[in-house]
Amino acid sequence: MTRNQHEEEKKMHIVDQNPNKVTNTTAATIRHETTESVLNRKLYPPPTLLRNGTLPLEDSLHSLLYYEVYGPGNTTAVGGDHRRDASKGKAIALSLHGGPGAGCFPKHAQFFDPERYDRVILFDQRGCGRSTPRGETRENTLQLLVEDIETLRKHLEVDVLDVILGGSWGSTLALAYAQSFPRRVGSIVLRGICLFRSREIDWLFGNREDDDDDDVVVVVDKQDYDTRRNEKTFCISNQKELARAWENFANGTAVSKSNVDDHDDDKKGAHDENDDNKRGTRRVLHKYYNALLGSDPVARAMVARSWMQWEMSVASLSIELEAREEDLGRVIVWNGAKRIWTVNPSNSQHILETGQCRQKKNLDLLRKWPKLASDSTMLSSSSRQTEIRPVISTGVDCQHDDAKDKSQTDAYEAAKKYIPAQAMLTCFYSVNQEVIMENFDLLKKENIDRIRHIPCIAVQGAKDLICPPDSALDLVEAWPEMECRIVTKGKHSMYDPNIMSELIQATDDVADFLSNKNSYCRERVKKNI
């Protein structure tokens, strides 16, 4: 992108909080820091389904992409022009589901005010929901998902997606799309920030129990931190509160007939000899990979249940923050315009200046792993994974032709029809993270520069253990123009009452921000300014 193009993009997207002034500086904070958060916000009433359908994907194993378009019940544009109606001042939103592989649901549209939004677009990403073929991992990458969004935007004849809402894995996809097509994005709302880095995969699905030295201090590059604590603390599975849940998860692949032991894995080249999996960090994850993507449908169904139970155990775990909650307040807000942290509600406001050691320490205590100054999505290691990891199979006859009773045959046939897309795709993407993210270094300066002018609000739960606050804090450091709202009591789910309130407030705020901007722009056009 040329410098002139970048400046034009800034002018197209940004206005100051004063609606009588256009600025080509970075994005202003959307909500004033003195605004008290609204407690106990509820979902908006179900909107009307205006249109749904499937979008053929040419030259792909994936034949159909399912989408839905919702809007106010009194609209007359059903099946018609879905471009933004500037005269109404209403926005068009795209909601991106998590997972990978979770699928979209009508309730996702209820995070948007029908008085503020003319359209809300949902779609099932490749291989999940009602997109076909379900569970397909071939030709399923972040790059292709980004291209699918652009194909869908063109199909629906939408010039600019005024608001893109992405949660968890959806936040990865939202950032990737915005960095690829910044001129097509009006604003971004993120929830449960996931940058899909190796350390995030290790945190959720890794285990350090095979490391020999409990007290080792790992020395890293001087441009990062001088030292860091024992990496055993950087896997959620090593938390004592989850010991039983991890044991059940680790033993969950025992039913898999397609699984192989560690020696067979090594012989068949499943792991690089320099890969940390040999020490056990991702050994369990790779066993699930064999079972979920293997040829035995009964084993797949059984391990999928174990997989989801592990994720639910992590998501539902209640923890006490190391920082005192009374020091943090209910919501900590990063004000991108003033470059300060403030605390809401207003009756306990005090500024958390970056230079104030005590408050900076409180924020750092929210982290689950050490911050590295050179941290990014990509790895610089010469032993990076460069190809999709194959499935290791023992060649067991999975047809169960020798089944002696009808119940076994019926169970097998039922299992064949059950495709646990979320477990399959999350495992596939996690194991192949380095390949999946090859073209997307989401924290890289030149990529952040492409979206620096776009208004963005991130809503992050301080007690989110699926996507801990680390990634949100890292994103703020790379993109200080954005706004970040850390909800002290919030966990991971978008339906967590604490998260839901802030998320709905955020979609209201960006819509109002865009409406004020566009109203001013329309007045300038009328006056031929």
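Calculation notes
Residues numbered from 1 in each chain as written. Predicted model: local features only at pLDDT ≥ 70, side-chain atom pairs only at ≥ 80, totals over all residues. Heavy atoms only, no water. Helix = DSSP H or I, 4+ residues; strand = E, 2+ residues; numbered from the N terminus. Buried < 20%, exposed > 50% of the residue type's maximum accessible area, 1.4 Å probe, protein only. Contact = heavy atoms within 4.5 Å. Areas by Shrake-Rupley, 256 points an atom, 1.4 Å probe, with all protein chains shown as cover. Axes fitted to C-alpha atoms, helices over the stretch in contact; angles between N-to-C directions. Parallel < 35°, antiparallel > 145°, perpendicular 65-115°, else oblique. Left-handed = near helix turned anticlockwise from the far one by under 90°. Nonpolar A, V, L, I, M, F, W, Y, C, P; charged D, E, K, R; others polar. Arc of directions from axis to C-beta. Phe/Tyr/Trp six-rings, centres within 6.5 Å; stacked < 30°, edge-to-face > 60°. Lys NZ or Arg CZ within 6 Å of the ring centre and 35° of its normal. Disulfide = S-S within 2.5 Å. Salt bridge = Lys/Arg side-chain N within 4 Å of Asp/Glu carboxyl O. Pairing = 2+ DSSP bridges.

*Asks:* Could you clarify how one ought to interpret the overall build of the protein in this entry?
*Replies:* The number of helices and strands found in the protein is 16 helices and 13 strands. Burial analysis of the protein (529 residues in total) assigns 56% to the buried set. A fraction of 77% describes how many contacts in the protein between residues 6 or more apart in sequence connect residues 24 or more apart. Carbon and sulfur atoms provide 48% of the accessible area of the protein, an area that totals close to 23,100 Å².

*Asks:* Can you help me understand unusual backbone geometry in this one?
*Replies:* Most peptide bonds are trans, and most residues other than glycine sit at a negative phi. The omega angle of the peptide bond from Gly-99 to Pro-100 is 0°, so this bond is cis rather than trans. Looking at the element boundaries, Pro-100 is found in the loop between strand S3 (91-96) and strand S4 (117-123). Note that the residue after Thr-132, namely Pro-133, is joined by a cis bond; omega there is -5°. Backbone geometry places Glu-157, a non-glycine residue, at a positive phi of 55°. With respect to the helices and strands, Glu-157 occurs in the loop between helix H2 (142-155) and strand S5 (163-167). The exposure class of Glu-157 is partly exposed, given its relative accessible area of 45%. At Phe-196, a position not held by glycine, the phi torsion is positive, near 55°. By the element assignment, Phe-196 lies in the loop between strand S6 (188-191) and helix H4 (198-205).

*Asks:* Where do I start with helix H15 (residues 470-478) in this structure?
*Replies:* An α-helical segment advances 3.6 residues per turn. Residues three or four places apart therefore align on the same side. In terms of burial, H15 is largely enclosed, as seven of its nine residues are buried. Taken together, the buried positions of H15 are occupied by Asp-470, Ser-471, Ala-472, Leu-473, Asp-474, Leu-475 and Val-476.

*Asks:* Just checking my understanding: could you explain the packing of helix H7 (residues 283-292) against helix H8 (residues 297-316) for this structure?
*Replies:* The geometry of a pair of packed helices is captured by two quantities: the angle between their axes and the separation between those axes. Interaxial distance between H7 and H8 falls to 9 Å at its minimum, and their mutual angle equals 140°. Here H7 is positioned oblique relative to H8, judged by the angle of their axes. In this structure, H7 meets H8 at a crossing whose hand is left-handed. Here Leu-285, Tyr-288, Ala-291 and Leu-292 of H7 lie close against H8, whose contacting residues are Arg-300, Val-303, Ala-304, Ser-306 and Trp-307. In the contact of H7 with H8, the residues fall into seven nonpolar, one polar and one charged.

*Asks:* Looking at this structure, I do not really get helix H5 (residues 243-250). What am I missing?
*Replies:* Inspection of H5 places Ala-245, Trp-246 and Phe-249 among the buried residues, and these make up the whole buried set. Considered in projection along H5, the buried side chains sweep an arc of 95° and stay on one side of the axis. Tucked into the core, H5 has its buried residues touching H4, H7 and H8.

*Asks:* Before we go on, may I ask you to explain the packing of aromatic side chains in this structure?
*Replies:* For any pair of aromatic rings, geometry is given as the distance between the ring centres together with the angle between the planes. The full count for this structure, using the stated rule, is 16 aromatic pairs. Each ring, one from Phe-249 and one from Tyr-288, has its centre 4.3 Å from the other, and the planes form 15°; the classification is stacked. Here the residue Phe-249 occupies a position in helix H5, and Tyr-288 occupies one in helix H7, the gap between them amounting to 39 residues. Centre to centre, the rings of Tyr-288 and Trp-307 are 5.6 Å apart; their planes meet at 65°, and the pair counts as edge-to-face. One end of the pair, Tyr-288, is in helix H7; the other, Trp-307, is in helix H8, and 19 residues separate them in sequence. With respect to class, Tyr-288 is no different from Trp-307; both count as buried. Here Lys-107 stacks its cationic end above the ring of Tyr-495, 5.3 Å away from the centre of that ring.

*Asks:* How should the environment of Ala-91 be read in this particular structure?
*Replies:* Relative to the helices and strands, Ala-91 resides in strand S3. Residue class for Ala-91 comes out buried when judged on its relative accessible area of 1%. Along the chain, Ala-91 and Pro-114 lie 23 residues apart, while their C-alpha atoms are 9.6 Å from each other.

*Asks:* Honestly, the state of the cysteines in this entry has me stumped. Any pointers?
*Replies:* By definition, a disulfide links the sulfur atoms of two cysteines through a covalent bond. Applying the stated criterion across every chain yields a total of zero disulfides. Here Cys-194 is not disulfide-linked; the sulfur of Cys-467 is the nearest cysteine sulfur, at 4.7 Å. Classification of Cys-194 as buried rests on a relative accessible area of 7%.

*Asks:* What am I meant to see in the pattern of salt bridges here?
*Replies:* Close approach of charged atoms lets side chains of opposite charge pair. One pass over the structure, following the stated rule, counts 25 salt bridges. In this structure, Glu-446 and Lys-444 form a salt bridge, with 4.0 Å as the shortest nitrogen-oxygen distance. The partner of Glu-502 in a salt bridge is Arg-485, with the nearest N and O atoms 3.7 Å apart. With Glu-502 in helix H16 (residues 497-526) and Arg-485 in strand S13 (residues 483-487), this residue pair connects regions lying 17 residues apart in the sequence. The exposure classification of Glu-502 matches that of Arg-485, with both residues buried. A single salt-bridge network, built from bridges that share partners, covers Arg-41, Asp-113, Arg-116, Asp-508 and Asp-512.

*Asks:* Sorry, what's going on with the pairing of S3 here?
*Replies:* Every regular strand shows the same layout, with side chains that alternate between the two sheet faces. A large share of S3 lies buried, amounting to six of its six residues. Of the two faces of S3, the one lined by Ala-91, Ala-93 and Ser-95 and the one lined by Ile-92, Leu-94 and Leu-96 are each fully buried. Both S3 and S4 contribute to a ladder of five bridges, which runs parallel. By the bridge assignment for S4, Ser-95 is matched with Leu-122. Where S3 meets S5, four bridges bridge the pair, whose relative direction is parallel. Looking at the pairing, Leu-96 lines up with Gly-166 of S5.

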